[in-house]
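Each chain is listed here by its residues.
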Amino acid sequence: MTRSRAPPSAARGAASGGISPLIRGSSYSTSPLLDTHRSGHHAVVTKFGEDSPGESNTERDRLAQIRRLDRSSLGDAPDDDPPPTRRGPAPAPGIAELVELKAASPDLASAVDLQIELLTIEHRIQARVSLPTLDLDADTVAVALARGLPLLRFEQIPLDWSDVRLAVREIADALRRHDAIDADDYATAQILSHRGHDLESLAAAWYAGPAALARLDAPPPEMLAELIGLALRPSLRRCADAFGRAVDWSSWRRGRCPLCGGEPELATITPDAQRLLICGRCHARWPFHDYACPHCDNADKARITSFASRDGRYRLYGCDGCRRYLKAYDARQGTRPALVHVDSIATLPLDAAALQRGYQA
Ligand SMILES: [Zn+2]
Ligand SMILES: [Zn+2]
């Protein structure tokens, strides 16, 4: 932790998860328009509201085949843990879809392999996280939501620090195996995983947001901030599950998470055409404007460029106001609800297309 101050982009990455280390760390090609045709996620660019080019007969047949496969292998509520089987705990929801994605898109293989390792670690640790204490009364919730204040305080997050340290160590090892972390960051992660106090203060600053991270004497480099976020995610997801069941935040229409204040990592369009944002930190979902930018509230259709995958499952909104973008999974075109761990990898071609056009995550 002897680095100089992190650049602003690192601070923003810390707030949202930003561009995943999987993008930088994987060997994925940055020429999605050429390289991903086979995957069905060939990116096409339209202005908002225009239709994507139609699918050819061959492509339609292939997609129908994939959809049949999806139906036979996917559950209806993939973010809920399935019941354990007699053979032991069930694999994490999303693993089967990641394996299918790898088979359909070999150019995403290295990113998928790393994601499977990270998801497996997250799933195993999440099973041990205790439920958070919900000391909320209706008035407190109503006031917080009306004022735009996130509901979850850092002290309320159920954190077993020995599990967090273990997560830091295991995640750093996985990143190193996939060549997705540099030697300095890996060494710092090792030190953090043995020094509880440093990790606790860093985690608290990460949760408070980019300004708090930037105020530290030695702000962490971007990769380390992302690693902290990954290590806290099992506990944050447990909070999102518990609070989501107990609190009605459907009136919340802001661009940040009502629970933890994180930025959206993904959007999903539901079968009834509502757009929900999904938090990059805790995976909570909340309703948002159909096409406005959650980062700057730009709602001028003419200043929002939309990219879509050819199969229509994925969409990307590039804001010509703040130049940031947001990806979306369109559940009307798919056979399952959004799965952040899967859809964030399936849309790597869209990330590359957006970055090439000058947008930022
Ligand atoms: Zn959140
Ligand atoms: Zn914007």
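Residues numbered from 1 in each chain as written. Chains lettered and ligands numbered in written order. Predicted model: local features only at pLDDT ≥ 70, side-chain atom pairs only at ≥ 80, totals over all residues. Heavy atoms only, no water.

1. Focus on the overall build of the chain
The criterion, for reference: Put simply, DSSP H or I for four residues or longer makes a helix, DSSP E for two residues or longer makes a strand, and each gets a number counted from the N terminus. Any residue under 20% of the maximum accessible area for its type is buried, any over 50% is exposed, and the rest in between are partly exposed; the area is computed with a 1.4 Å probe on protein chains only. Using a 1.4 Å probe, accessible areas were evaluated by the Shrake-Rupley method; residue-level cover was limited to the displayed protein chains.
A count of helices and strands for the chain gives 14 helices and seven strands. Every one of the 361 residues in the chain was classed for burial, and the buried ones make up 53%. When the accessible surface of the chain is summed, it comes to about 16,200 Å², and 51% of that surface belongs to carbon and sulfur atoms.

2. Examining the nonpolar core
Where a protein is soluble and globular, its nonpolar side chains tend to be buried together. Definition in use: Each nonpolar core is a collection of buried residues, namely Ala, Val, Leu, Ile, Met, Phe, Trp, Tyr and Cys, held together in the definition by side-chain atoms within 4.5 Å. By the convention used here, residues are in contact when the closest approach between their heavy atoms is within 4.5 Å.
Counting residues in hydrophobic clusters, the biggest one holds 65 residues, and the most contacted among them are Ile171, Leu227, Trp249, Leu259 and Cys282. Top contributing element to this core by residue count: helix H12 (residues 222–246), with 12 residues. Each residue touching Leu227, except ones within four places of it in the same chain, is listed here: Val168, Ile171, Ala172, Leu175, Ile181 and Ala189. Ranked by size, the runner-up nonpolar core spans 27 residues in total, among them Leu266, Ala331, Leu339 and Ala346.

3. Structural notes on unusual backbone geometry
For Asp297, which is not a glycine, the phi torsion comes out positive at approximately 65°. On the secondary structure map, Asp297 appears in the loop between strand S4 (285–288) and strand S5 (304–309). We classify Asp297 as exposed; its relative accessible area is 54%.

4. Observations regarding the coordination of the zinc ion (ligand 1)
Keep this limit in mind: Here a donor is any nitrogen, oxygen or sulfur atom (N, O, S) within 2.8 Å of the metal, with 3.2 Å used for Na, K and Ca; water is not among the atoms considered, so some sites may look incomplete. Here a site with four donors is tetrahedral if all angles are between 85 and 135 degrees, and a site with four or six donors is square planar or octahedral if opposite donors are over 155 degrees apart and the other angles are between 65 and 115; anything else gets the irregular label.
In the first shell of the zinc ion (ligand 1), the protein supplies Cys257 (SG), Cys260 (SG), Cys279 (SG) and Cys282 (SG), at 2.3 to 2.4 Å from the metal. Bound by four donor atoms, the zinc ion (ligand 1) shows angles of 97 to 122° at the metal and therefore tetrahedral coordination geometry. Read N to C, the donor residues that coordinate the zinc ion (ligand 1) are spaced as C-x2-C-x18-C-x2-C. Linking Cys260 in the loop between H12 and strand S2 (264–269) with Cys282 in the loop between strand S3 (275–279) and S4, this pair joins segments that are 22 residues apart in sequence. Cys282 carries the same exposure label as Cys260, and that label is buried.

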